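A closer look at the structure
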Amino acid sequence: MFESKERKLKKIMKDGKAVLLAFDHAIEHGPSIYEGIDISPERIARIAFDGNVDGIILHIGAARRIKKLIGKIPIIIKLTARTSLTSDENQIQQIVTSVKEAKEIGATAIACTIYFGSERESEMLKMFKEIKQETNRFKMPIFGFAYPRGKKLKSKYDADAIRYAARAGAEIGFDVVKTYYTGDKESFSKVVKDCFVPVLVAGGPKISEEKDILKVVEDVMNAGASGVAIGRNVWMRNDEEAVNLLKEIGRIVHK
Amino acid sequence: MFESKERKLKKIMKDGKAVLLAFDHAIEHGPSIYEGIDISPERIARIAFDGNVDGIILHIGAARRIKKLIGKIPIIIKLTARTSLTSDENQIQQIVTSVKEAKEIGATAIACTIYFGSERESEMLKMFKEIKQETNRFKMPIFGFAYPRGKKLKSKYDADAIRYAARAGAEIGFDVVKTYYTGDKESFSKVVKDCFVPVLVAGGPKISEEKDILKVVEDVMNAGASGVAIGRNVWMRNDEEAVNLLKEIGRIVHK
Amino acid sequence: MFESKERKLKKIMKDGKAVLLAFDHAIEHGPSIYEGIDISPERIARIAFDGNVDGIILHIGAARRIKKLIGKIPIIIKLTARTSLTSDENQIQQIVTSVKEAKEIGATAIACTIYFGSERESEMLKMFKEIKQETNRFKMPIFGFAYPRGKKLKSKYDADAIRYAARAGAEIGFDVVKTYYTGDKESFSKVVKDCFVPVLVAGGPKISEEKDILKVVEDVMNAGASGVAIGRNVWMRNDEEAVNLLKEIGRIVHK
Amino acid sequence: MFESKERKLKKIMKDGKAVLLAFDHAIEHGPSIYEGIDISPERIARIAFDGNVDGIILHIGAARRIKKLIGKIPIIIKLTARTSLTSDENQIQQIVTSVKEAKEIGATAIACTIYFGSERESEMLKMFKEIKQETNRFKMPIFGFAYPRGKKLKSKYDADAIRYAARAGAEIGFDVVKTYYTGDKESFSKVVKDCFVPVLVAGGPKISEEKDILKVVEDVMNAGASGVAIGRNVWMRNDEEAVNLLKEIGRIVHK
Amino acid sequence: MFESKERKLKKIMKDGKAVLLAFDHAIEHGPSIYEGIDISPERIARIAFDGNVDGIILHIGAARRIKKLIGKIPIIIKLTARTSLTSDENQIQQIVTSVKEAKEIGATAIACTIYFGSERESEMLKMFKEIKQETNRFKMPIFGFAYPRGKKLKSKYDADAIRYAARAGAEIGFDVVKTYYTGDKESFSKVVKDCFVPVLVAGGPKISEEKDILKVVEDVMNAGASGVAIGRNVWMRNDEEAVNLLKEIGRIVHK
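Small disclaimer: the values here were computed from a predicted structure and weren't measured. (Residues numbered from 1 in each chain as written. Chains lettered and ligands numbered in written order. Predicted model: local features only at pLDDT ≥ 70, side-chain atom pairs only at ≥ 80, totals over all residues. Heavy atoms only, no water.)

Moving on, we get to the relation of the copies chain B and chain C. Rotating chain B by 72° and moving it 0.0 Å along the rotation axis overlays it on chain C with an RMSD of 0.0 Å. Such a turn and shift between the copies fits a five-fold axis. In terms of C-alpha distance to the rotation axis, chain B has glutamate 123 of chain B as its closest residue, with the C-alpha 9.4 Å off the axis. (Least-squares fit on C-alpha atoms with pLDDT ≥ 70 in both.)

Next comes the structure, spelled out in structure tokens:
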């Protein structure tokens, strides 16, 4: 009845690798910190398209604004959300969009976040079960954002915790894991080695120099990553730089 | 099976703009603070009709009282509620009316509130998913009230937080966003610019002078707003003044 | 398929007015405080029948005991419950009986309580949505008990809070509102004026003198009420007095 | 489609009276406190059978062990559970077995506990609604354990609280109420008088002397009870004594 | 429609005994503590296969990696999860995989954990009811991990608490109970005696010497256990040692 999950995944990761443009920042961090930058879905999608990315991760509302692109470029609908207006201790993302909605708009896959280690972890695991039941029905691949949280973490980029979260995501059924970069190749290669599904690296905080970004991409690919899901570090640049950067990243990832 | 969402939205926002009469105050604030004012649904609806508004926002109970008007004027049923009898920290609205009920009474659209940043934000996001599933089924446009809350806000009219909430609403699937006026044209134009769906401005606290209200309407329209959803500032005046004010507002909004 | 809600309501409020016998006290307050009084459903129902009341409000268990009366006298099944064994801060009633159960036993309407202003208000609003969906299906009128609660109340009989709760009940879809008497005609007339559905007055705490009760009934009717839902002030008297009192009340209410 | 509830109830309470063997202690109190006693379902069932009880109350797992007895002796499946490993303040039982499961194993009735007055009372009321909907479908009688809890209780055997809980259970739809013995005939006769469904008395804490047990049974029957649901006070004795005791109790109850 | 539960159970426990390889550690404890060990599902499955185990317990994600083994060796899918990144007080496992998913991948049985005594015990009991309803539909045996928790425990290996948890698991419907070893044969024989379904012993913390492990296996089998579910104590060794150890254990268990 529906195209297989494997086939859909192949549309995004043709050679098993992918450069994705992440664009859920406006809800996760708010628009004000991107002052002076055009964060319209239309602009971001154009950059993504011109930069030859393998997919765009965005929320349903933003996806509706770029409908004509859907079909030309794979769309990954983010199902869960949280604003950072809420207090920092309140670490939970909830389903705000159903897989059915994602399917109907023409998405190729869905994305969701789980904060492993959060006090509200169990609520998110339960929520993930619901997502999985719906993805099974519609045969949609799951790009899971496996982010560690909780009082036990040494820092947000605690390498052991990232490695744990990535593996936990794979265990419960993420088809592709997106997680933070641990900061060095050695520790990240352990994250990849212990995660038996493809690992994409989140772009992380702002990095000014293009060459520094490319160095990170090179490092994570050498560490065994299957690509990157990059956002602000691309679209905070001007259009031309952004497109070129994406192409450069693509050359490294798909090398 | 059902008339399309776009078509329904067009009934309210014919030229992409709208003046809506908001009438959910009796449940949000209680009747006592409107002492001496006739806050019957019948009166409010008559003012709305005579004032040529593009729609009325009200709860299902009130809507039943003005059944004969339905069909002549678009009705937007508010699905979520909260009284201010509950403590101020308890920032959550819950679904109290289903989309099906709204549909059956002849509503053209539905409305709901999300307090982005509230400690109970995740409950409201989950609730919104339920609303969206039902609106998708019945093809009902969503007028989302995107109101910022939480300990991080500088004030209720914190411009960055309003901008954030409006964008968050657009991202998760509000078809039209209603939010607070930030207080000045410059900051509000940023709210509108970063919100990729039409923005309506809430009437806000009482303003005595008609000319001050019209000034605000003029300012928000210049800032890019798609109209206003005004309530007490209209129906706290006498009938004639109220109708005239609505007409004046309509002239500015639909100019 | 089902008889219309309006028609059912008409069976209880033939002239738009009603005297109801309330009999949910045994679960709300427990039997011990009625020491020495026969609080069997059979006795209460007989008093109600002989006293010509327009309906009896009771729980499903009690209703099963008076099955032969059902059909002769309208039954209003209370769907929500709470005991006062639980701590006073724990202000929530939950659904304990479905509308379907009420329908099957032959009820003409259902009743439910919402404590507007309680910290758990949102749970009750959500619960009410479920009740409403089921009443819509079975076309059952809702007698909503709109009781104010919360830290903001000056007292349990805070006139502004009662006025607020009554209106809130009407807004969300109560077909008939039952609430407390504010204590004086003037403030209660405001409750009625701002509540656009019929208002019934709860009998309230024990009043010794029959004439004092009749005075209250007279006052609330003059204030615009549509009747009373009286309980302990009736059945704490002996059978003859109770029946006579109900008839007296009926004469005032249906005058 | 299903045999009527009344008919099923008659299988257990042929003369309107019943001696039930209660056997949910292993989950409520744990096996260690019954050191040296064979608490296998097989032994308990054999004692019950030989002692001519009218029914056995047990959990689904234990019921599966005595399948060959089902059909010969009515089985009442306990649907709710709680261990006493959890802290004493955490007073809630949750549904752990569905009515459908009970039906499929051949149960004649179901049992469930509600702690009236617990801080989590509302959760249990909601849970009870679910149970009732399922029992209505399968026409299964409900043996409700009405146990008072909460800070307002003078003691676990607070006579007023027991009376309250028993009545509350009857009001919400228990077909038969099981509750604690208040300790004296006079106060217990009030429990029975105000509870309009049959009342069974829980066996309570260990009583050493057989004659003391028989005295209690005699007293509660004189107080109007419809029988007893006895457990440890039976099966903590040796088989012969246990069987004889049950027969003695049966003679008193069915006298 | 589906093969019977008994038949499926027989595939795992042919002689009523079983050696299972447990492999849910990566989500329960994280990968970092197994530094230097290949914890890929492929390796673990190969060891299990070569070691002639009667089944493997693992999560759905890991199961997908060893699809070609499914059919050759019974797979038991773990449905519930919790990471130890979350705080130690937060003792709850939630359903993260449905029985349907387990069925579709070809599992022979399912596994789930309940922390009896945890403050969140009631949530897990409710969750277990959902699991049971689905296992009844698909006729899947339940391997329940009955682990005691809570403030009342003397230690994690409190013999009375283990005995309680094991029995509680049997009562609510576990088909096979897996629990901790109490540390000595005498106390463990009481756990087995009071648990009327087969008891498997969890491998527990790391034991260095092979002979010490075999001693424990011998002891628990003598105490009446039906086998072991062993994990890290097997696969933390090199492949050859691991396979040999499993075979040795098999000889003792199936003796």
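Turning our eyes to something else, we now look at the arrangement of the chains. At no point do chain A and chain C touch; the closest pair of C-alpha atoms across them sits 18 Å apart. For chain B and chain E, which are not in contact, the least C-alpha distance works out to 18 Å. (Contact = heavy atoms within 4.5 Å.)

It is worth spelling out the packing of aromatic side chains at this point. On inspection of all chains with the given rule, the structure shows 40 aromatic pairs over all chains. When the centroid spacing of 5.4 Å and the interplanar angle of 70° are considered together, the rings of tyrosine 181 of chain A and phenylalanine 188 of chain A count as edge-to-face. Comparing tyrosine 181 of chain A with phenylalanine 188 of chain A shows no difference in burial state: the two are buried. With a centroid separation of 6.4 Å and an interplanar angle of 55°, the aromatic rings of phenylalanine 116 of chain D and phenylalanine 174 of chain D are classed as tilted. Of this pair, phenylalanine 116 of chain D sits in strand β6 (residues 109-116) while phenylalanine 174 of chain D sits in the loop between α7 (159-172) and β8 (176-179), and the two are 58 residues apart along the sequence. For phenylalanine 174 of chain D, a relative accessible area of 1% corresponds to the buried category. Sitting over the face of the ring of phenylalanine 145 of chain B, lysine 178 of chain B holds its NZ or CZ atom 3.8 Å from the ring centroid. (Phe/Tyr/Trp six-rings, centres within 6.5 Å; stacked < 30°, edge-to-face > 60°. Buried < 20%, exposed > 50% of the residue type's maximum accessible area, 1.4 Å probe, protein only. Helix = DSSP H or I, 4+ residues; strand = E, 2+ residues; numbered from the N terminus. Lys NZ or Arg CZ within 6 Å of the ring centre and 35° of its normal.)

Each side of the interface is counted separately: chain B has 35 residues, and chain C has 32 residues. Summed over both partners, the interface of chain B with chain C buries about 3,000 Å², with 52% contributed by carbon and sulfur atoms. Viewed at the interface, chain C and chain B are joined by five salt bridges. Here glutamate 101 of chain B makes a salt bridge to lysine 132 of chain C, at a shortest N to O gap of 3.3 Å. One can count 24 residue pairs in polar contact (both at pLDDT 80 or more) joining chain B with chain C. Of all the secondary-structure elements, those providing two or more residues to the side of chain B that touches chain C are α2 (25-28), α4 (60-65) and β5 (94-95) of chain B. For the side of chain B that touches chain C, the element with the highest residue contribution is α4 of chain B, accounting for five residues. The residue makeup of the side of chain B that touches chain C, split by class, is 13 nonpolar, 13 polar and nine charged. (Buried area = accessible area lost by both parts, 1.4 Å probe. Salt bridge = Lys/Arg side-chain N within 4 Å of Asp/Glu carboxyl O. Polar contact = N/O pair within 3.5 Å; in protein donor to acceptor, adjacent residues only side chain to side chain. Nonpolar A, V, L, I, M, F, W, Y, C, P; charged D, E, K, R; others polar.)

With that out of the way, let us pick up the interface of chain B and chain A. Each partner contributes to the interface: chain B provides 32 residues, whereas chain A provides 35 residues. Here chain B meets chain A over a buried area of about 2,900 Å², counting both sides, of which 52% is carbon and sulfur. Taken as a group, Lys152, Tyr164 and Glu171 of chain B account for 24% of the area that chain B buries against chain A, more than any other trio of residues on that side. Linking chain B with chain A are five salt bridges. On the surface where chain B and chain A come into contact, there are 24 residue pairs in polar contact (both at pLDDT 80 or more).

Another point: the pairing of strand β9 (residues 199-202) of chain C. Residue and element names in this part refer to chain C. Residues Val199 and Val201 point to one face of β9 and Leu200 and Ala202 to the other, with burial holding for every one of them. Examined bridge by bridge, strand β8 (residues 176-179) and β9 share three bridges and lie parallel to one another. Paired with valine 177 across the strands is valine 199, a residue of β9. One crossover worth recording links β8 to the parallel β9 by way of helix α8 (residues 185-193), and it is right-handed. Across three bridges, β9 lies against strand β10 (residues 227-230) in parallel orientation. Paired with leucine 200 across the two strands is glycine 227, which belongs to β10. In the classification by handedness, the crossover that spans β9, the intervening helix α9 (residues 210-222) and the parallel β10 is right-handed. (Pairing = 2+ DSSP bridges. Right-handed = clockwise from strand over helix to strand, strands pointing away.)

Applying the stated rule across the entire model yields 107 salt bridges over all chains. Between aspartate 239 of chain C and arginine 43 of chain C there is a salt bridge whose closest N-O contact spans 2.8 Å. Placement of aspartate 239 of chain C in helix α11 (residues 239-253) and of arginine 43 of chain C in helix α3 (residues 41-50) is noted, with a sequence separation of 196 residues between them. Residue classification places aspartate 239 of chain C among the partly exposed positions, given a relative accessible area of 32%. Judged by relative accessible area, which is 6%, arginine 43 of chain C ranks as buried. Its salt-bridge partner being aspartate 212 of chain D, residue lysine 211 of chain D comes within 3.6 Å of it at the nearest N-O pair. Judged by its relative accessible area of 33%, aspartate 212 of chain D falls in the partly exposed class. Here the residues in one salt-bridge network are Glu35 of chain A together with Arg163, Lys190, Lys193 and Asp194 of chain B, joined through shared partners.

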